[in-house]
Every structure is written in C-alpha cells, then in structure tokens.
Amino acid sequence: MDLTYTPEEEEFRARLRTWLASVLPTLPPKPSPRDWPARRAYDLGWQRMLYDAGYAGLHWPVDAGGRGATPTQHLIYLEETEKAGAPYVGANFVGLLHAGPTIASEGSAEQRARWLPPVLRGDEVWCQGFSEPDAGSDLASLRTRAWRDGDDYVVSGSKIWTSHAEVADWCELLVRTDPAERRHRGITWLAMPMDAPGITVRPLRTLAGSTEFAEVFLDEVRVPVANRVGAENDGWRVTMVTLSYERGTAFVGEVVACRRVLAEIAREARKNGRWDDAVVRRRLGRLNAEFRALWRLTQWNVSEAQGTGGVPGVGGSVFKLGYSHARQELFDAAAEVLGPEALDLGREWTLDRLSSLSYTIAAGTSQIQRNIVAERILGLPRGR
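Residues numbered from 1 in each chain as written. Predicted model: local features only at pLDDT ≥ 70, side-chain atom pairs only at ≥ 80, totals over all residues. Heavy atoms only, no water.

(A) Broad picture of unusual backbone geometry. The backbone of His164 sits at a positive phi, close to 60°, despite the residue not being glycine. Locating His164 in the fold gives a position in the loop between strand S3 (152-159) and strand S4 (170-176). Residue Asn233 is not a glycine yet carries a positive backbone phi of 70°. Mapped onto the elements of the fold, Asn233 is located in the loop between strand S8 (228-229) and helix H6 (235-248). (Helix = DSSP H or I, 4+ residues; strand = E, 2+ residues; numbered from the N terminus.)

This is the structure we're talking about:
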C-alpha cells in the first residue's frame, strides 16, 4: 500500500482547492431536502459546473468520457470537495457511482456513447431497480420477469427501495430472463427508460420524512434489447461490477464528512459541558481512531484498485461493514452529547441519526458483507 502522494498529485490537489474556493461562493441556496425536483435541478447544476471545469467522471476511462485520472487522484478529489463543503452528487449518485461505471466497464461502444455523456453533463438521472419486496438482501431470488418479444424485452413485476425513481430518467434494472434457472443464473441487466408506458412510481416516505426511495410497478414495460448491458442471463456478473463500485468507493466522501462531524461533536461537547464526562471523551476518541482506520482502509482499497484496472475488489465489503456501524455509533454519540435536544428534528445531526439506521441495510446488509468477508477473503467454507 502506497500512502504517499506524488508531486503531480499534490499539484492536482492545489488546483482543485483553488477552483473550489472560486466557485462554491457562487452557488445558489440549497433547496428543501423534501423538494426532490428542486434538489434534482440543484444537483445537476453542480454536476454541469464540474463537467465544464473538467472534474466530471474524473476517474472514468477517457474513452468513456472521463479524464482517466488515477484512483489516488479520485481519492484526493473526494477528500477536498468534502472538506470544502461542496455539494454531494445527490440525485445523480446512481448514474455517477453505480450505473455509469458499470456501463463504462461492461457496455458496448454505442451504449457508452449514448448514456455516459448525459450522466457526466448532468442532463440525465438514473435510479436503481434491484431490490424487490421478497428479494432484498437475497437479491438472487428476484422474480421480476422479462421475456423476449422481437427487438424488445417485456418486463412485469415490481421493485422497492428504488433510489430517486420519481426524478429519474433511466433505471438500472435487474430482471429474470430464464425462469427455469434459479438463483444467480437467468438474470439480465437492463437500462430501462423511466418514461416508458406501464411504469408506476409510488414514493416511500422514510423515517426522516424524505422520499428518496420508491416502489416501482412494471406492467408489461417494453425495453429494447439494445438496452441490455452484457449478455442475456449474464446479469449477475454485471451486477457484481455494479456492487463493487457501490461498496468500494461510493461511501468514500462520507468518511471525510463523518470525520468533520466528529470534530463538530467534540466542539459541542466542550461547549455544553459533556466533555467533562470521561465516558464521552473515550467514546469520541474511539470513534476518531475508527474513522482514521477507515480512511487508511480506503487508501488500501484505492491502491489495490489502481493495480487491477480501477474496479474495487472485495475489500470494499470490509470497508462498507466497518463504515456502516461506525456511522451509526457516530450519530448515537451526537445524540448523547446533545441530550434532550437530540429529539428536535430541526436540530443538526438529528435527521442524520435517523438516516444512519439504514446504512447497515443499504448496498448489502451487514450479514451479507460478513458472508463475503468470510468466504472470499478469509476462505472459510460456505454456510449451509
């Protein structure tokens, strides 16, 4: 693992800091977190600024529209934008962090030319249609059907926890194309236009009051065969590419954010007297060590990806498992420091605490991550 930065990488960091300092003061006020059309416009406006400045798809291959930057430069980008308080990818996260990299790795030249430039420019938003009511953690048991009819697949079924479906233009969709096969076989990865006839989107309100998830009902939706990424019935392998990005690098910027929040919690504790409690100090100290270790693990994963063509490995599961639980403990600690004020939904960190509860489920439950670590890293036998 190489934890040092080259002169070229430090020069890249300096240029990025200068650009961020010049453009961030020009951004309009952030919209209400419950106004998703406004949030889409805000997030895509920021994406267009990144595109015009040459920072969109920084680590994507050049032939996919990116800059071909190294994973280390991408890590610097994530670190500096978070430290500067730049907007997160928001409504565009599925396209930028999941679907886009998957298409860049697995798509044809025509598919890359059609779908990647609009993602990078901030013209189109993607959602993720993987989980189903009876196929969440056990994704391989999905039952949404797709059958071939000439140049189209006809899709019927339902999806749940579909991120940003109500403002999305496209959906990365998993379907079962061979019902005779079970589990991981017979699954296909499709790009479905969200304006196709037969699609019904029903937003789901979360514990925090937001509606970034939705149920999606599919009633004989026609999706062109040309929208299939990878071969028919080879969708599970393509999905593993998607999930490697989701677990390997999608949360990296959030580690930096959590370290910043931890410093703010410590300042709050000093201000309200909670710092005098040795238990609180030990808890915050332990969290500081935890997030420092997660940052080093991130650097290790990036170093590994740099040597294997840029696709994160199974070490992303170790990171995701540790990060999910550390994030939950971070906002539990925030509640302990705030005391009764932690019940105020208008108070800083309260909504973050509620949303942190989902992190041990999102992108693969902690139970699934433990299985991956046990079987693929430690070489333990599969459970029966």
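Back to the write-up after that little detour.
(B) Representation of the nonpolar core in the model. Formed by 45 residues in total, the largest nonpolar core has its most connected members in Trp19, Trp46, Tyr55, Tyr77, Trp126 and Trp189. Those elements that place two or more of their residues in this core are helix H1 (7-23), helix H2 (36-53), helix H3 (71-83), helix H4 (93-106), helix H5 (109-121), S4, strand S5 (187-193) and H6. With 7 residues, H4 is the largest single contributor of residues to this core. Residues Leu75, Leu284, Leu287 and Ala326 belong to the second largest nonpolar core, which totals 27 residues. (Core = buried A, V, L, I, M, F, W, Y, C linked by side-chain atoms within 4.5 Å. Buried < 20%, exposed > 50% of the residue type's maximum accessible area, 1.4 Å probe, protein only.)

(C) Inspection of the pattern of salt bridges at higher detail. Enumeration according to the criterion identifies 24 salt bridges in this entry. Here Lys83 makes a salt bridge to Glu79, at a shortest N to O gap of 3.3 Å. Within this pair, Lys83 and its partner Glu79 are both found in helix H3, separated by 4 residues, close to a single helical turn. Residue classification places Glu79 among the buried residues on the basis of a relative accessible area of 10%. The partner of Asp234 in a salt bridge is Arg237, and the shortest N-O contact between them spans 2.8 Å. Salt bridges here are not isolated pairs; linked through shared partners, they connect Glu10, Arg13, Arg17, Glu79, Glu80 and Lys83. (Salt bridge = Lys/Arg side-chain N within 4 Å of Asp/Glu carboxyl O.)

(D) Expanded view of the packing of H1 against H3. H3 packs onto H1 with a crossing angle of 30° between their chain directions and a minimal axis gap of 10 Å. Taken together, the axes of H1 and H3 lie roughly parallel to each other. Relative to H3, H1 is oriented so that their crossing is right-handed. On the side of H1, the interface is formed by Glu9, Phe12, Arg13, Leu16, Arg17 and Leu20, while H3 contributes Thr72, Gln73, Ile76, Tyr77, Glu79, Glu80 and Thr81. Partitioning the contact of H1 with H3 into residue classes produces 5 nonpolar, 3 polar and 5 charged. (Axes fitted to C-alpha atoms, helices over the stretch in contact; angles between N-to-C directions. Parallel < 35°, antiparallel > 145°, perpendicular 65-115°, else oblique. Left-handed = near helix turned anticlockwise from the far one by under 90°. Contact = heavy atoms within 4.5 Å. Nonpolar A, V, L, I, M, F, W, Y, C, P; charged D, E, K, R; others polar.)

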